[in-house]
Amino acid sequence: MEFVKKSPITCHVLVTSHGVPAKNMSVKAEKLESYDFVTLSVSATDDDGRCPTLILPGHKLERGIYRLTFETKTYFESLGQQCFYPHVQITFELTNPEQHYHIPLLISPYGYTTYRGS
């Protein structure tokens with residue numbers, strides 16, 4: 001059996017107002033280079049609300065400022081709901097490239113929260 005390493009940055013999106021994972025939400029990963037963010041990848045959450053291939057396994061991360069952008073308006077519109085926040089951007093500092101960084105997002109149409117997961 002071959003061991004497949006997971007993405008060095010992962011996320012998990014849960015819709016707290018429905019108690020379900022956010023399926024098929026677009027997520028963009030970026031890194032700050034000089035004064036602009038550069039796109040590393042664009043992905044979508046799976047049926048469990050996760051992006052297991054947000055950053056391809058084996059991609060060498062560097063120390064720096066990263067940002068995840070979640071397209072919440074498009075997601076909630078697909079459910080026939082309005083949303084106060086058209087997107088959620090989570091900017092964080094990656095200080096140890098050898099560690100795994102997990103960024104959970106708990107959302108509802110009118111609020112969100114995040115934390116560093118494990």
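Worth saying up front: this structure is predicted, and the values here are computed from it rather than measured.

Reading the values: rules and limits
Residues numbered from 1 in each chain as written. Predicted model: local features only at pLDDT ≥ 70, side-chain atom pairs only at ≥ 80, totals over all residues. Heavy atoms only, no water. Pairing = 2+ DSSP bridges. Helix = DSSP H or I, 4+ residues; strand = E, 2+ residues; numbered from the N terminus. Axes fitted to C-alpha atoms, helices over the stretch in contact; angles between N-to-C directions. Contact = heavy atoms within 4.5 Å.

Visitor: Describe the sheet that holds strand S6 (residues 88-94), and please don't skip the residues or the numbers.
Guide: Sheet architecture is open: 4 strands sit in the order S4-S3-S5-S6, paired in antiparallel fashion. The open sheet is flanked by strand S4 (36-44) and S6, the only strands paired with a single partner. For this sheet the average axis-to-axis angle between neighbouring strands, irrespective of direction, equals 20°. Pairing of strand S3 (residues 26-33) with strand S5 (residues 64-70) involves 5 bridges; the strand directions are antiparallel. Directly across from Glu-30, in S5, lies its bridge partner Arg-67.

Visitor: Tell me what's going on with the side chain of Ser-108, and back it up with residues and numbers.
Guide: Summarising the element assignment, Ser-108 is placed in strand S7 (residues 101-108). Setting aside anything within four residues of it in sequence, one finds Ser-108 in contact with Thr-16, Ser-17 and Phe-76.

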